[in-house]
Amino acid sequence: MPADALAELDLDAARAAVGAAGTLDELEDLRKRLVGKQSVAARVKQSIKDLPADRKPVVGKAVSEYTAAVTTLLDERHADLVPVEATGTALDLTLGGHGRMRGHLHLVTQCRRELEDVFVSLGYRVEEGPEVEDDWHNFEALNFPPGHPARAMQDTLYVNLGEPEQVLLRTHTSPVQVRVMETQKPPIYSVMPGRTYRNETLDARHSPVFHQIEGLAVDRGITFGDLAGTLEAFTSAYFGKQLQSRLIPSFFPFTEPSAEFSITCVFCDGAGCRVCSKTGWIELGGCGMVDPNVFRKVGIDPEEYSGFAFGFGLERMPMLRYGVEPIKTFFDNDIRFLTQY
Ligand code: PHE
């Protein structure tokens, strides 16, 4: 047999012929021609014994692969043709099926997961705490003494449980810092996302229910510079371009020094536009170095360790990235909004 006999085993031609067979009879004729006793495949197989030793395995493998592939094609076509012959017509399955709507994650959840991924890649762990908190975690351990005016600024929603004003809907994610420091030893690198509540009137950027994400790093030798660098690293990663952070002195009872942090405006890159009120900066949240009083309350030695913390509204991030406003759009759950993201 000539070495190119294999060329006669043309799988494409066989596929076309099988596809063109319109009846079971035609198909059976084809089966004989393609893989039957008189077929080219059978002839090639016959010839193997006369081939040089090195060609035998090559040709043997090719012919058995060809035979298997053609047999599968024939069997599939057979299964197609049986119902056609039984009913006299092909079943028309092309008429409108019922598409199934698949849901997807809410934009806030997508943002939360994206930020979690960024922080995990920086070596942080993701932690969660309860939405119904006690006064100790939300205020007391965070260095808000009873009656301190900073408490009044938090517009707390209390829950009617136990002693008056002892159980509340957490006003920020900072109580999770306390829970983490109470149960873990430094080094601690954690992010704590979640839902928060304030007795606030709804406006374009504020909602009584919203989300925050908190960051906490406690280790030996943590500095304010680490804080600024971390803020730049994760905001740049989220917005996909290099941003700068700006820290302006502020006050929180649980950090000292404290700051409001801003990033370069993602719309005008700092040149000044409508979104940033011509300042070139966009304010995101609060931050600072963990106050030694907080360390003492949770049993961490402030002489040995230092740390930074920050917290900001989660909705702000997709609002800036996609220009979503007002904030209530996130909670209306209008399907026309949800399906865009
Ligand atoms: N918890 C503060 C707030 O909600 C933000 C903050 C977090 C400030 C961490 C400092 C450190 O306003």
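The model shown is predicted, which means the values in this text are computed figures rather than measured ones.

**A short note on the sheet that holds strand S6 (residues 209-219)**
So, point 1. Ordered in space as S1-S5-S6-S10-S9-S8-S7, the 7 strands form an open sheet in which the pairing is mixed. What marks the edges here is a single partner per strand, and that holds for strand S1 (125-126) and strand S7 (245-252).
So, point 2. Relative to S6, strand S5 (residues 188-197) is paired through 10 bridges, and the arrangement is antiparallel. Across the sheet, Arg195 pairs through a bridge with His211, a residue of S6.

**Some points on the site of the ligand**
So, point 1. Every one of the 14 residues lining the ligand counts as a neighbour, but His172, Ser174, Arg198, Gln212 and Glu214 are closest to it.
So, point 2. Between Arg198 and the ligand, the recorded distance is 3.0 Å, taken from a side-chain N or O atom to an oxygen atom.
So, point 3. In the model, an oxygen atom of the ligand is placed 3.0 Å from a nitrogen or oxygen of the Gln212 side chain.
So, point 4. Within the complex, the protein chains bury 93% of what would otherwise be the 330 Å² of accessible surface of the ligand.
So, point 5. Among the secondary structure elements, those contributing two or more residues to the shell around the ligand are helix H8 (174-183), S6, strand S9 (281-290) and strand S10 (306-313).
So, point 6. Counting residues per element, the shell around the ligand draws most heavily on S10, which supplies 3 residues.
So, point 7. Its residues assigned to classes, the shell around the ligand comprises 5 nonpolar, 7 polar and 2 charged.

**Structural notes on the nonpolar core**
So, point 1. In this structure, Leu115, Phe234, Phe310 and Met317 are the most contacted members of the largest nonpolar core, which totals 41 residues.
So, point 2. Contributing elements (two or more residues each) for this core: helix H5 (107-121), S6, helix H9 (224-239), strand S8 (255-264), S9, S10, helix H11 (316-322) and helix H13 (335-338).
So, point 3. No other element matches the 6 residues that H5 contributes to this core.
So, point 4. Leave out the neighbours within four places in its chain, and Met317 touches Cys111, Leu115, Phe234, Thr235, Tyr238, Phe239, Leu284 and Phe312.
So, point 5. In terms of nonpolar packing, the next biggest core, distinct from the first, is built from 22 residues, Ala150, Val180, Val218 and Ile300 among them.

**Things to note about the pairing of S10**
So, point 1. With respect to burial, S10 is a largely interior element, 8 of its 8 residues being buried.
So, point 2. Burial along S10 is two-sided: Ser306, Phe308, Phe310 and Phe312 facing one way and Gly307, Ala309, Gly311 and Gly313 facing the other are all buried.
So, point 3. The sheet contact formed by S6 and S10 spans 8 bridges and is antiparallel. Among the inter-strand pairings, Leu216 is bridged to a residue of S10, identified as Ala309.
So, point 4. The sheet contact formed by S9 and S10 spans 5 bridges and is antiparallel. Within the sheet, the bridge partner assigned to Cys287 lies in S10 and is Phe310.

**Quick notes on the domain arrangement of the protein**
So, point 1. Partitioning the protein into domains gives domain 1 (3-86) and domain 2 (107-338).
So, point 2. Of note, the centres of domain 1 and domain 2, computed from C-alpha atoms alone, are 69 Å apart.

**Details of a negative patch on the surface**
So, point 1. A cluster of acidic residues, Asp25, Glu26, Asp29 and Glu85, forms a negative patch on the protein surface.
So, point 2. In terms of residues, the negative patch owes the most to one element, helix H2 (residues 24-35), which gives 3 residues.
So, point 3. With respect to the helices and strands, the residue Glu85 is situated in helix H4 (residues 56-87).
So, point 4. Owing to a relative accessible area of 41%, Glu85 belongs among the partly exposed residues under this scheme.

Here is what the cut-offs are and how they apply
- Residues numbered from 1 in each chain as written.
- Predicted model: local features only at pLDDT ≥ 70, side-chain atom pairs only at ≥ 80, totals over all residues.
- Heavy atoms only, no water.
- Pairing = 2+ DSSP bridges.
- Helix = DSSP H or I, 4+ residues; strand = E, 2+ residues; numbered from the N terminus.
- Near = heavy atom within 4 Å.
- Polar contact = N/O pair within 3.5 Å; in protein donor to acceptor, adjacent residues only side chain to side chain.
- Areas by Shrake-Rupley, 256 points an atom, 1.4 Å probe, with all protein chains shown as cover.
- Nonpolar A, V, L, I, M, F, W, Y, C, P; charged D, E, K, R; others polar.
- Core = buried A, V, L, I, M, F, W, Y, C linked by side-chain atoms within 4.5 Å.
- Buried < 20%, exposed > 50% of the residue type's maximum accessible area, 1.4 Å probe, protein only.
- Contact = heavy atoms within 4.5 Å.
- Domains from an automatic or database assignment.
- Patch = residues over 30% accessible without salt bridge, like charges linked within 9 Å, V, L, I, M, F, W, Y side chains within 5 Å.
- Salt bridge = Lys/Arg side-chain N within 4 Å of Asp/Glu carboxyl O.
- Lys, Arg positive; Asp, Glu negative; His and termini not counted.
- Charge placed at Lys NZ, Arg CZ, Asp CG, Glu CD.

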